[in-house]
Structure formats: C-alpha cells, structure tokens
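Architecture and fold: a report
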Amino acid sequence: EAGVVQSPRYKIIEKKQPVAFWCNPISGHNTLYWYLQNLGQGPELLIRYENEEAVDDSQLPKDRFSAERLKGVDSTLKIQPAELGDSAVYLCASSLPGYGEQFFGPGTRLTVL
Amino acid sequence: GENVEQHPSTLSVQEGDSAVIKCTYSDSASNYFPWYKQELGKGPQLIIDIRSNVGEKKDQRIAVTLNKTAKHFSLHITETQPEDSAVYFCAASIGTGANNLFFGTGTRLTVIP
C-alpha cells in the first residue's frame, strides 16, 4: 500500500514569493492534516480536514497561508507571500475516520532566502 | 490546549543497552499517546501507541507505559541497535477519533556500536 505522498520534497524561494505544497493521502483516509515542523522541534498542526471540510484551522496563519482539499482526497497548502520565518518542513498526514493513528508523508523542506 | 514535555533532548547509549524517554502531558482529557520515530529527511513513523484504558503495551523490543494519575508516559527500548538511532517524538491527543496530535520536542537517540 502506498504511503502519504508529498511534493515537492525540497523548495527554495526568495521571500515574498508564493509557494505551494501538494499532498496525496493514503487511499481511504478521509482525515488529512498539515503540520509545520521547525528545526529541532516536534510537528505543530496547521489544519485538519475531514473529507473536504476544514474542521480545525485555528493554527493556520490566514493572512498568508491557505489550504484546500476540493474533492476530499488531494490537498494543497499555499503560502503567499513567503517570509524568512516560514523556512521549515511541511508535513502532511492522514488517518482513517474515527481512529487516531496518523501516517505521515516525507515532508517538503522549504527554504526562504 | 495540550502541552507535552519530553526528556531528555539527547540520549546516547551503548549498543545492547536500554533507552528510556519520558513525557508528561497537561490535559487530563488526553487519552491517546503515540510514539513516532523520525529519521533524517523522512517523516515521523509510528512505532507504538497506547490508549488510556491500558497501562502498558509491548511490541518486541519496544514498550510504552502510561500513568494517567501522574499524567506521564514513557518509551522503553531494550537491546538497542545502531538502527534505533533517530529522533523520537511522543504525542498526546484528546478523544478517540482522529484528532489533533500535540507533540513533544523530541529526543535524539544515538546508539553507539
């Protein structure tokens, strides 16, 4: 069974530029999460989807971050404009409905110059 | 929200020795406690989890204990091997469904051959 797929794996941009990350969850997992992981820290939740509905986006900086999961499968996380402090790893995870076990993708490492 | 503290931040052991990582949590409503292993350049991988109705769980060389009264849980790795070297994260979640995980700050385990 394929795991959570993320792309790109690495992205280097200049500040003020836009950037987008893509995630394809494990088949059948209707819950999808985006986490931010700063260097030397644990992941922190940005947004959680149940199917196509964002059920918790309280930690998403909405002035510059946006996310979508239009058909309840793939998801895209966007930053516009990027700031130096956005340099981090962005992780996507998915889980089955009503069950806590989350499976993580490899992450996208973003570097903002 | 939930606050998870993890100790130690780094741990070095000789191959074959045991390693213990400890975490505390703040919210008594938390009832799901997974442990993740993260290798360099990869996403976190679930290695074991425990729910609040169980005090201990074991899977080969890995065991987790939970003390709900004291609000702490621990990861025990016996007969450590060099491939156990990685960063380990504890996490806590409220509820039995797919909910947000609150992660500790991680422990970098080094197993010395």
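Right, let's walk through the structure included here. (Residues numbered from 1 in each chain as written. Chains lettered and ligands numbered in written order. Predicted model: local features only at pLDDT ≥ 70, side-chain atom pairs only at ≥ 80, totals over all residues. Heavy atoms only, no water.)

**Details of the overall build of chain A**
Applied cut-off: Secondary structure follows DSSP: runs of H or I at least 4 residues long count as helices, runs of E at least 2 residues long count as strands, and numbering of each begins at the N terminus. Values of the radius of gyration come from C-alpha atoms, whereas the globule rule sets the reference at 2.2 Å times the count of residues to the power 0.38. Each residue is assigned to one of three classes by its accessible area relative to the maximum for its type, calculated with a 1.4 Å probe on protein chains only: buried under 20%, partly exposed between the two thresholds, exposed over 50%. Whether two residues touch is decided by their heavy atoms; if any such pair falls within 4.5 Å, the residues are in contact.
A count of helical and extended segments in chain A gives zero helices and 11 strands. Helices and strands appear in chain A in the N-to-C order β-β-β-β-β-β-β-β-β-β-β. Against the compact-globule benchmark of 13 Å for 113 residues, chain A has a radius of gyration of 13 Å, which places it among compact chains. The principal-axis extents of the C-alpha atoms in chain A amount to approximately 40 × 25 × 25 Å. Looking at the 113 residues of chain A, the share that counts as buried comes to 47%. A separation of at least 24 residues holds for 53% of the contacts in chain A among residues at least 6 apart in sequence.

**Things to note about the nonpolar core**
When a protein is soluble and globular, its nonpolar side chains tend to lie buried together. What counts, and what does not: Buried residues of nine kinds, namely Ala, Val, Leu, Ile, Met, Phe, Trp, Tyr and Cys, make up a nonpolar core once their side-chain atoms join them within 4.5 Å.
Core analysis: the biggest nonpolar cluster contains 24 residues, and Trp35(B), Phe73(B), Leu75(B), Tyr88(B) and Leu109(B) have the highest contact counts within it. Those elements that place two or more of their residues in this core are β2 (10–14), β3 (19–25), β4 (30–38), β5 (45–51), β7 (62–67), β8 (72–77), β9 (86–94) and β11 (107–112) of chain B. Not counting residues up to four positions away in its chain, the partners in contact with Leu109(B) are Leu11(B), Val13(B), Ala19(B), Ile77(B), Asp84(B), Ser85(B), Ala86(B) and Tyr88(B). Listed in part, the 22 residues of the second largest apolar core include Phe21(A), Trp34(A), Leu36(A) and Leu60(A).

**Re the packing of aromatic side chains**
As a reminder of what qualifies: Side-chain rings of Phe, Tyr and Trp, where Trp is taken by its six-membered ring, are said to pair if the distance between their centres is within 6.5 Å; with planes under 30 degrees apart they count as stacked, over 60 as edge-to-face, and otherwise as tilted.
In total, this model carries 13 aromatic pairs over all chains according to the counting rule given. Taking 6.0 Å as the distance between ring centres and 75 degrees as the angle between the ring planes, the aromatic pair formed by Phe104(A) and Phe103(B) counts as edge-to-face. Of this pair, Phe104(A) sits in strand β10 (residues 103–104) while Phe103(B) sits in strand β10 (residues 101–103), placing the two residues on different chains. Neither residue differs from the other here; Phe104(A) and Phe103(B) are each classed as buried. Grouping aromatic residues by their ring pairs yields a cluster made of Tyr33(A), Tyr35(A), Phe104(A), Tyr36(B), Phe89(B) and Phe103(B).

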